[in-house]
Amino acid sequence: MNAFLETLRTLRWDDHRYYHHHRINQALHLVSALSFLVAYAWLLVDPVVSALIAWLVSMVTRQAGHFFFEPKGYDHVNQATHEHKESIKVGYNLFRKVVLMALWAAVPVVLLVSPDVFGTIEPHTDWNGFARDVGAAWLFIGVGGLLFRTVHLFFIQDVRTGLAWMTKIITDPFNDVVLYHKAPLYLLRGELIDPAYYGQRG
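Residues numbered from 1 in each chain as written. Predicted model: local features only at pLDDT ≥ 70, side-chain atom pairs only at ≥ 80, totals over all residues. Heavy atoms only, no water.

*Asks:* Just checking my understanding: could you explain the overall build of the protein chain for this structure?
*Replies:* Helix and strand counts for the protein chain come out as eight helices and zero strands. Scanning the protein chain from its N terminus toward the C terminus, one meets helices and strands in the order α-α-α-α-α-α-α-α. Its C-alpha atoms give the protein chain a radius of gyration of 18 Å, near enough to 17 Å, the size a compact globule of 202 residues would have. Principal-axis analysis of the C-alpha atoms places the extent of the protein chain at approximately 55 × 40 × 30 Å. (Helix = DSSP H or I, 4+ residues; strand = E, 2+ residues; numbered from the N terminus. Rg over C-alpha atoms; globule rule 2.2 N^0.38 Å.)

Structure follows, in structure tokens:
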């Protein structure tokens, strides 16, 4: 158990220090975390609505922070290039996130072109049905993406790392609220980059 907790702590620390330099990214992660917590609660009420909240609000804000605001130049604090950080990323690096978000964006397009998904589901008859079909597919992609990478890590690293990463992902919303709850205040003060990273170039 101690080794598992240490692995989890290391994954969380590496993720924070490598990929959360920009205060806008941190603030967007706070929005993402809070909406994920709403989505978690909604799982008990309606998993499809929960998936819609998670993907439309939580994932969009979270990934927008990484793609559009996070510095991608040389990381002087951690003495690492962006390419090095991407190569050692345990979970979804930017390339894997592009693939995941492409699948996410393709779902509504496929359902518009083929409401029955080529004969595999009951076709929707109205926009409410369309939204629910989209939400159900996004729920499948979310759970599938989590389980796929977890099992993948079992083979390319070890079972402990895979389980620790899965635990990290599931508990990230709680951890992010603790880490980034002051990010909006820092932004109001005009601080765009965490002071530890001043001088970097994106």
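*Asks:* Honestly, the layout of surface pockets in this entry has me stumped. Any pointers?
*Replies:* Space left empty within the atom packing is revealed by a probe, the size of a water molecule, rolled over the atoms. Considering only enclosed or pocket space, the largest pocket measures out at about 1000 Å³ in volume. Every residue lining the largest pocket is counted, 42 residues in all, and those nearest its centre are Phe-36, Met-59, Leu-146, Trp-165 and Ile-169. If you list the elements that add at least two residues to the lining of the largest pocket, you get helix H1 (2–19), helix H2 (23–42), helix H3 (47–69), helix H4 (82–88), helix H5 (94–113), helix H6 (127–156) and helix H7 (159–180). A total of nine residues in the lining of the largest pocket trace back to one element, the largest contributor, which is H3. Here the lining of the largest pocket is composed, by residue class, of 26 nonpolar, eight polar and eight charged. Quantified by volume, the second largest pocket comes out at close to 200 Å³. Lining the second largest pocket we find Tyr-92, Arg-96, Val-99, Leu-100, Leu-103, Phe-140, Ile-141, Gly-144, Gly-145, Phe-148, Arg-149 and His-152. The set of elements that each furnish at least two residues to the lining of the second largest pocket consists of H5 and H6. If you tally residues by element for the lining of the second largest pocket, the top one is H6, at seven residues. Its residues assigned to classes, the lining of the second largest pocket shows seven nonpolar, three polar and two charged. (1 Å grid on protein atoms, 1.4 Å probe; cavity = no way out; pocket = protein on both sides within 12 Å on 5 of 7 lines; lining within 4 Å. Points joined across faces, edges and corners; volume = space filled by probe spheres on them. Nonpolar A, V, L, I, M, F, W, Y, C, P; charged D, E, K, R; others polar.)

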